[in-house]
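Structural characterization, general
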Amino acid sequence: MIILARMVTLGGAMFASASYTAASFIASLVSVVIITAGIPTPERAGLFLFIALYSPLTTVMSQRKLLSIYRNRASSSRGAAIEEAVLFVMAAAIVIVATRHYYEPFEAAALASTVFCQIHSATAAGSIQHRTSNALGWSVAVLATAVVRIFATWLGLDYGPVIAFVAGSYAYFLAMLALQALMRCKTAKISAERGGAVTADSLVEEAWQERLATFAFFSVGAMTFQIDKFALDGAGDAAAVAQSGALTMLLLSPISLLFATLYRTRTKTLFSTELPLHAKMPVVGTIAAQFSTAAALYVAILLAPWPGIAALTFPFMQAPVAAFLVFALAIIMDRLGTLLAFAAGDWRSYLTIAVFKAAALVLVYAAIRFWMGFQTLTIVYLAYFAAGLAYLLLVALLIMWFKGRYAEV
């Protein structure tokens, strides 16, 4: 009975965690599928090129904000406002320049604004999960917000892909903010000590080194599996951009979802600034084993009816199985390295990793743009595979360096 009770508790925690991470993925995937189903290849390439920017930009800030939540850090309102204003200007400029062949400036600016819808939606979902005492109870409502985005996207289809994407993003953003406000009202009467919530008074101010290091870490990491689209676009291969964009959505998003689902069930231990590194390693090992198994199972399921699932979601995609496998392995190694980096928790390790990955991205881009641009996707993804393996080995060496030390604040 005790074992059964533990399994039920674990299953509930896993379902809740999956709900908070799956809502955004489900909404994004279905929205992109219904938008790309009825547009020609050039427009399809333009949308996937934007998504190759959208995903990293949203990841940078949402992951950094979530890390602050998990580690009970707080930023001054002025600092947060400046940071967001700078990121907005940067995001708008990048999207306008990168997609100038596909969108007018006002269309690109409208798409850029959806980056901030996603940032605050993801942060709201993470805050609800981490700070409520009833994460499982709120999970169904969080999942329902995905339906809101899909419906709004569908309503906007008649007005073009840009309007459809923007409408869905803003609808999802408003629904998630409303849900977060409702959660805060419901839990306002529960004491922080009794409910396990974190009050504003207990939050620790983030040091500028920590903010800079984590921002650099997530910025570079977010671009890791998107850089090939820009290299292929520079080589003038719009069809390959669309192919790679579709395969990225089938692999990167679901595998990242599995990773987030698993590590977010143990955030209090994984991101603890009180526990020494060696005390976290059993948890790290458990999460790594669960993630590797789950990712392998997902890949097996996706490959079993190949190309059935791919044809159902993206009929235009013709990626070979070899490209699928190489890309999947690269993503898995990258996420395992990130798990070890989370456990280390030292801003110096984040900064070291950011510098390494920035150099690796330059090499990957150069390889694809100048030597691999006209090769198959399998060869293109071999560059990611090499970078992922090197990254995992680097973080393992950092873990050995920090072994026995307390994670620094």
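This structure is a prediction, so every number in the text was calculated from the model and none was measured.

What counts as what
Residues numbered from 1 in each chain as written. Predicted model: local features only at pLDDT ≥ 70, side-chain atom pairs only at ≥ 80, totals over all residues. Heavy atoms only, no water. Helix = DSSP H or I, 4+ residues; strand = E, 2+ residues; numbered from the N terminus. Contact = heavy atoms within 4.5 Å. Phe/Tyr/Trp six-rings, centres within 6.5 Å; stacked < 30°, edge-to-face > 60°. Buried < 20%, exposed > 50% of the residue type's maximum accessible area, 1.4 Å probe, protein only. Lys NZ or Arg CZ within 6 Å of the ring centre and 35° of its normal. Salt bridge = Lys/Arg side-chain N within 4 Å of Asp/Glu carboxyl O. pLDDT = per-residue confidence, 0-100. Polar contact = N/O pair within 3.5 Å; in protein donor to acceptor, adjacent residues only side chain to side chain. Patch = residues over 30% accessible without salt bridge, like charges linked within 9 Å, V, L, I, M, F, W, Y side chains within 5 Å. Areas by Shrake-Rupley, 256 points an atom, 1.4 Å probe, with all protein chains shown as cover. Axes fitted to C-alpha atoms, helices over the stretch in contact; angles between N-to-C directions. Parallel < 35°, antiparallel > 145°, perpendicular 65-115°, else oblique. Left-handed = near helix turned anticlockwise from the far one by under 90°. Nonpolar A, V, L, I, M, F, W, Y, C, P; charged D, E, K, R; others polar. Expected span 1.5 Å × (residues − 1).

Further remarks concern the overall build of the protein chain. Counting its regular elements, the protein chain contains 16 helices and two strands. Taking all contacts inside the protein chain whose residues are at least 6 apart in sequence as the whole, residues at least 24 apart take part in 85%.

Looking now at the packing of aromatic side chains. One pass over the full model with this rule turns up 14 aromatic pairs. Their ring planes at 45° and their centres at 5.5 Å tell us that Phe50 and Tyr54 sit as a pair that is tilted. In this pair, Phe50 and Tyr54 are both assigned in helix H2 (residues 41-70), four residues apart and thus about one turn of the helix distant. On the basis of an interplanar angle of 70° and a centroid distance of 5.5 Å, the ring pair of Phe259 and Phe291 is categorised as edge-to-face. Residue Phe259 is located in helix H10 (residues 238-263), and its partner Phe291 is located in helix H12 (residues 277-303); the two are separated by 32 residues in the primary sequence. Taken as a pair, Phe259 and Phe291 share a single burial class, namely buried. Each residue in the set Phe225, Phe327, Tyr381 and Tyr384 is aromatic and connected to the rest through ring pairs, giving one cluster. Above the plane of the ring of Phe165 lies Arg149, whose end atom (NZ or CZ) is 5.2 Å from the centre.

On to the environment of Val284, then. Mapped onto the elements of the fold, Val284 is located in helix H12. Along the chain, Val284 and Thr269 lie 15 residues apart, while their C-alpha atoms are 9.5 Å from each other.

Further remarks concern the pattern of salt bridges. Enumeration over the complete set of coordinates arrives at three salt bridges. Residues Asp334 and Arg335 are paired through a salt bridge, measuring 2.4 Å at the closest nitrogen-oxygen approach. For the pair shown, Asp334 and Arg335 are each scored as buried. Sharing partners across several salt bridges, the network here consists of Asp334, Arg335 and Lys357.

Okay, the confidence of the model for the protein chain next. In the predicted model, the protein chain carries a mean pLDDT of 78, and 79% of its residues have values of at least 70. Of all the helices and strands in the protein chain, helix H7 (residues 192-195) carries the lowest mean pLDDT, 49, while helix H14 (residues 321-344) carries the highest, 90. Across residues 197-201, where pLDDT falls below 50, the model places five contacts with residues more than four positions away in sequence or in other chains.

With respect to the element layout, Thr145 can be found in helix H5 (residues 135-156). We classify Thr145 as buried; its relative accessible area is 4%. A polar atom in the side chain of Thr145 sits 2.4 Å from the backbone oxygen of Val142. Sequence-distant contacts of Thr145, defined by excluding residues within four places in its chain, comprise Ala23, Tyr172, Ala175, Met176 and Leu179.

A cluster of nonpolar side chains, Phe151, Trp154 and Leu155, forms an exposed patch at the surface whose accessible area comes to about 360 Å². Along the chain, Leu155 falls in helix H5.

This part takes up the environment of Ala27. With respect to the helices and strands, Ala27 occurs in helix H1 (residues 2-36). By relative accessible area, which is 0% here, Ala27 ends up buried. Along the primary structure Ala27 and Val148 are separated by 121 residues, whereas in three dimensions their C-alpha atoms are 8.4 Å apart. When residues no more than four places from it in sequence are discounted, the contact partners of Ala27 are Ala146, Arg149 and Ile150.

The next point concerns the packing of H12 against H14. Axes are the key here: two packed helices are described by the angle between their axes and the distance separating the axes. Axis separation between H12 and H14 bottoms out at 10 Å; the angle between their running directions is 165°. Considering their axes alone, H12 and H14 lie roughly antiparallel with respect to each other. Where H12 crosses over H14, the handedness of that crossing is right-handed. The segment H12 lies against H14, with Leu277, Lys280, Met281, Val284, Ile287, Ala288, Phe291, Ser292, Ala295, Val299, Leu302 and Leu303 engaging Val321, Phe324, Leu325, Ala328, Ile332, Arg335, Leu336, Leu339, Leu340, Ala343 and Ala344. The residue inventory of the contact of H12 with H14, partitioned by class, reads 20 nonpolar, one polar and two charged.

Taking 1.5 Å of rise per residue, 24 residues should cover 34 Å, and H14 covers 35 Å from first to last C-alpha, within 8% of that figure. Counting buried residues along H14, 20 of its 24 residues qualify, which places the element largely inside the surrounding structure. Residue Gly345 follows H14 closely and has a positive phi angle near 65°.

Burial of helix H9 (residues 227-234) is extensive: six of the eight residues sit out of reach of the surface. All buried positions along H9 are accounted for by Ile227, Asp228, Lys229, Phe230, Ala231 and Leu232. In the segment just after H9, Gly236 is the residue with positive phi, at about 80°.

Moving on to the packing of H10 against H12. Remark: H10 packs on H12, axes separated minimally by 10 Å, with the N-to-C direction vectors making an angle of 150°. Between H10 and H12, the crossing angle belongs to the class labelled roughly antiparallel. The interaxial crossing formed by H10 with H12 has right-handed handedness. Between H10 and H12, the contacting residues are Leu250, Leu251, Pro254, Ile255, Leu258, Phe259, Leu262 and Tyr263 on the first element and Ile287, Gln290, Phe291, Ala294, Ala295, Tyr298 and Leu302 on the second.

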